[in-house]
Amino acid sequence: MLSEIQSNEPANELFFSIGDEPALSRDEAVALINLPDDRVDELLLRAGALRKKYKGDRVGIHLLTNVRSGNCSQNCAYCAQSCRSSADIETYRWVAEDKLYQDNSFVHDNHLSMHCMGLSGMKFSDEEIEKLAERIRVMKAEGTHLCCSIGFLTEKQALMLKEAGLDRINHNLNSSRSYYPNICTTHTYEQRVENIHMLQRLGFEICSGGIIGMGESREDVVDMLLDLREINPEALPINFLIPIPGTPLADTDTSALTPAYCLKVLCLARLMVPKADIRCAAGREIYFKGREKELLTVVNSIFASGYLTADGQGISDTLQMITDAGFTYEIESD
Ligand code: SF4
């Protein structure tokens, strides 16, 4: 059992004692996240083998458009768009249609994997959902693969978006069940889990992951991954906290987010949900600068540089980085 393996035991014991389809116990996963940093290479080897088995050398690139920004009623401590935040951000109810469609064409023309759209807020009226559905219909005509990060939908609203052609919905767990009340009190972890199950029942692909570095313990990270394993999402994004001035987490100490620790978290995600698209989302440029090759050994999905305002330079830098690291980028859009 991995949990019984001491940190000074040989690598072979650790990595050949688990099967091709690992179902790590909680204790085993905790043992892995606590491996000494000088054994990360061993973990990378094991996670890399699964990445290669299920994803080959491909890297999927996603582009994010902020469709609705700011003024959110929820109090997620990390978020600049929350009512609790005084961060200096641009706020608007609908991004200009030109910008949305330009971003969609950018995804199409550059053969990116997914056009992701983020909407701040937790509840939406049917009229608002119909407006979003109209835009989705226009974008789907280009053949792009579309994902929305959107709050709690009613079943009727989810079906409206499904019928418009929306492929995937992002709804993160963000942290563990027990740590969640430390970062948000205006909705519950359970509501998030129920929402994801409802969307799965309706046939949506699910993108669900979390944020690392909000003060949670390593056991919290393992517990979140155990819940994500049960959900079995198509995509599992891991964000590494970027403390934003004006949010309650502005002064969070992120010194524990060393490249070795961040890699351990991503390796664990790969070991626990091996077939998912494991994405290194926010924080990639900060915590993995210069270590992109190691990163892509484990993850097969990233955002194009620039996130909300991608430009030509951003995408060409991203493609160059992928090629330099010895990988190829995925072409999904028609
Ligand atoms: S619900 Fe979303 S937009 Fe609103 S505060 Fe939380 S993370 Fe931010």
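All values reported here derive from a predicted model rather than from experimental measurement.

## Considering the overall build of the chain
Tallying secondary structure elements over the chain gives 12 helices and 10 strands in all. A burial count over the chain gives 56% of its 334 residues as buried. Counting every atom, the chain has about 14,000 Å² of accessible surface; 50% of that belongs to carbon and sulfur.

## Section: helix α9 (residues 259-272)
One full turn of an α-helix is made of 3.6 residues, so residues set three or four places apart face in the same direction. For α9, which comprises 14 residues, the first-to-last C-alpha distance of 20 Å matches the rise-based estimate of 20 Å (1.5 Å per residue) to within 8%. With 13 of 14 residues buried, α9 is to be regarded as a mostly interior element.

## Description of the pairing of strand β1 (residues 58-68)
In terms of burial, β1 is largely enclosed, as 9 of its 11 residues are buried. Where β1 lies against strand β9 (residues 301-303), 3 bridges are found, and the strand directions are parallel. Considered in β9, the bridge of H62 is made with F303. The pairing of β1 with strand β2 (residues 114-119) spans 6 bridges and is parallel. Directly across from L63, in β2, lies its bridge partner H115. Tracing the backbone out of β1, into helix α4 (residues 97-109) and back to the parallel element β2 gives a crossover that is right-handed.

## Description of the site of the ligand
Lining the immediate surroundings of the ligand are C72, Q74, C76, Y78, C79, S82, S120, G121 and M122. Partitioning the shell around the ligand into residue classes produces 5 nonpolar, 4 polar and no charged.

## Brief notes about the state of the cysteines
According to the stated counting rule, one finds 0 disulfides in the structure shown. This cysteine, C83, is not joined by any disulfide, and C72 carries the nearest cysteine sulfur, 6.8 Å off. Looking at C83, the relative accessible area reads 51%, which means it is exposed.

## Some points on the pattern of salt bridges
Proximity of charged atoms lets side chains of opposite charge pair with each other. One pass over the full model with this rule turns up 16 salt bridges. Between R68 and E128 there is a salt bridge; the shortest N-O distance is 3.0 Å. Pair noted here: R68 is in strand β1 and E128 is in helix α5 (residues 126-140), with a separation of 60 residues, a long-range link. For the pair R68 and E128, one class covers both residues: buried. Between R168 and E205 there is a salt bridge; the shortest N-O distance is 2.8 Å. Here R168, found in strand β4 (residues 168-170), pairs with E205, found in strand β5 (residues 205-207); they are 37 residues apart in sequence, far enough to count as distant.

Conventions we followed
Residues numbered from 1 in each chain as written. Predicted model: local features only at pLDDT ≥ 70, side-chain atom pairs only at ≥ 80, totals over all residues. Heavy atoms only, no water. Helix = DSSP H or I, 4+ residues; strand = E, 2+ residues; numbered from the N terminus. Buried < 20%, exposed > 50% of the residue type's maximum accessible area, 1.4 Å probe, protein only. Areas by Shrake-Rupley, 256 points an atom, 1.4 Å probe, with all protein chains shown as cover. Expected span 1.5 Å × (residues − 1). Pairing = 2+ DSSP bridges. Right-handed = clockwise from strand over helix to strand, strands pointing away. Near = heavy atom within 4 Å. Nonpolar A, V, L, I, M, F, W, Y, C, P; charged D, E, K, R; others polar. Disulfide = S-S within 2.5 Å. Salt bridge = Lys/Arg side-chain N within 4 Å of Asp/Glu carboxyl O.

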